[in-house]
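# Structural description and commentary
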Amino acid sequence: MKKALLAATVVASALTASLVAAPLASASGQDRHDRSAVPFTEATVTAGADGSFTLRWKARGADRVEIRANGKVVAKGGPQGRAVVKGLPAADRQWFDFKPQRGQGLRLADRLIKLDGTANFRDAGGYRTSTGQWVKMGEIYRSDALDKLTENDLAKLQRLRIKTVFDLRMEDERTKDADKVPAGATYVVADVFAGSGSFRTMPRTPDEAVRAMVDAERAMVSGAGGKKAYTQVFEGIERDRSRSVLFHCTAGKDRTGWAGAALLTALGVPRETVEADYLASNDYRRAANDAILSHLPAQQAAVYKPMLDVRPEYLNAGYDEVEAAYGSFDRYLKDGLGIDSRELKQLKKDLLVG
């Protein structure tokens, strides 16, 4: 493996992030082969800067929808609607129960977990699968680095019952910026690039930077470190019945991005939804990335920008590598990560609603 292969990922990971504004936390999907008991085809929760929450929904075949927060009805309407809810008491995380007239309901929250020490800490759930089921929220989280967490942050994560933390970073990253984890949580090293060397060579042009990011994505799929690390994550999620589980790297976008994409794909979330979730890191990290680029000379900023971005071609390179190395995503799960049909069935049973 070339030394330049992961330089972009390592350099981008080493850059300091600051808290950024949260984009839309949404859950949406397709109507293909719908066998679910959940009538909602779309449901979103968007937290406003003023403490309000905007709720949107579409529920096929449900004449009435009622939404509760803290046990009280805060919104209601027909099969399609929008409501703005204000004046709710402060909470670590505000949950909303979407109840249709008929069928199974959903429990949703805004995707971002607001912490002082992170920019990209968010729920991995809240998406609709191609069969009409929904990925539960509050079970699996993804994040950027945890080394800047405050005591208040750690207490909040403990209240959110974070039980297991998977650290996807390289040894030098872990040594330089050691994780802070909530009390009682199990810390697990799952180094995606273990044994890959130092990767100190920097791209010299924007095109080289893009190629380095694409090559790094492929290495996450077929490299020995990637296969071992993502096996640890999947098996840890499948075994841990006392969730919640958190996986993270430094920027929370590349190594973490593939972990999130692989999990959602395994659960049956449509590819376009997976890509939207992957690309959301550009929104969550926008302020931090813009601040970094603004302090660089124009030529250097042009080289750094592809390393700070997530782009469709990066994610697609991962899927292409799956196809090339394994033939199908199911074979990747089985042969690459050791997740057999029984384990996958249990994972879906645990993490899906409907």
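For the structure itself, look to the data block above.
Residues numbered from 1 in each chain as written. Predicted model: local features only at pLDDT ≥ 70, side-chain atom pairs only at ≥ 80, totals over all residues. Heavy atoms only, no water.

Turning next to the sheet that holds strand E12 (residues 164-167). Spatially, the five strands line up as an open sheet ordered E9-E11-E14-E12-E13, and their pairing is mixed. Of all the strands in the sheet, the pair left with one neighbour each is strand E9 (122-123) and strand E13 (186-189). The pairing of E9 with strand E11 (residues 140-143) spans two bridges and is classified as antiparallel. Paired with Asp123 across the strands is Tyr141, a residue of E11. (Pairing = 2+ DSSP bridges. Helix = DSSP H or I, 4+ residues; strand = E, 2+ residues; numbered from the N terminus.)

Turning our eyes to something else, we now look at the packing of helix H6 (residues 255-267) against helix H12 (residues 329-336). Closest axis-to-axis distance for the H6/H12 pair is 10 Å, and the angle between their directions is 115°. In this view, H6 runs roughly perpendicular relative to H12, as classed from their interaxial angle. The chirality of how H6 crosses H12 is left-handed. Between H6, through Trp258, Ala262, Thr265 and Ala266, and H12, the contact on the second element is made entirely by Phe329, Tyr332 and Leu333. A class-by-class count of the residues in the contact of H6 with H12 yields six nonpolar, one polar and no charged. (Axes fitted to C-alpha atoms, helices over the stretch in contact; angles between N-to-C directions. Parallel < 35°, antiparallel > 145°, perpendicular 65-115°, else oblique. Left-handed = near helix turned anticlockwise from the far one by under 90°. Contact = heavy atoms within 4.5 Å. Nonpolar A, V, L, I, M, F, W, Y, C, P; charged D, E, K, R; others polar.)

Moving on, we get to the environment of Lys253. Along the chain, the position of Lys253 falls in the loop between strand E14 (245-248) and H6. With 32 residues separating them along the chain, Lys253 and Arg285 place their C-alpha atoms 9.2 Å apart. A polar side-chain atom of Lys253 sits 2.8 Å from the main-chain carbonyl oxygen of Met307. (Polar contact = N/O pair within 3.5 Å; in protein donor to acceptor, adjacent residues only side chain to side chain.)

Attention now moves to the sheet that holds strand E7 (residues 95-100). Strand order in the open sheet formed by four strands is E5-E4-E7-E8, and the pairing between neighbours is antiparallel. Single-partner strands in this sheet number two, and they are strand E5 (72-77) and strand E8 (106-109). In this sheet, adjacent strand axes meet at a mean angle of 25° when their direction is disregarded. Relative to E8, E7 is paired through four bridges, and the arrangement is antiparallel. In the strand pairing of E8, Trp95 is matched with Ala109.

Across the two faces of strand E4 (residues 65-69) the burial differs, with Val65, Ile67 and Ala69 buried and Glu66 and Arg68 not buried at all. Of the pairings in the sheet, the one linking E4 to E5 comprises five bridges and is antiparallel in character. By the bridge assignment, Arg68 is partnered in E5 with Val73. What sits between E4 and E5 in their antiparallel hairpin is a turn of two residues, with Asn70 showing a positive phi close to 55°. Pairing analysis gives four bridges linking E4 to E7, with the strands arranged antiparallel. Bridging from a neighbouring strand, Glu66 pairs with Lys99 of E7. (Buried < 20%, exposed > 50% of the residue type's maximum accessible area, 1.4 Å probe, protein only.)

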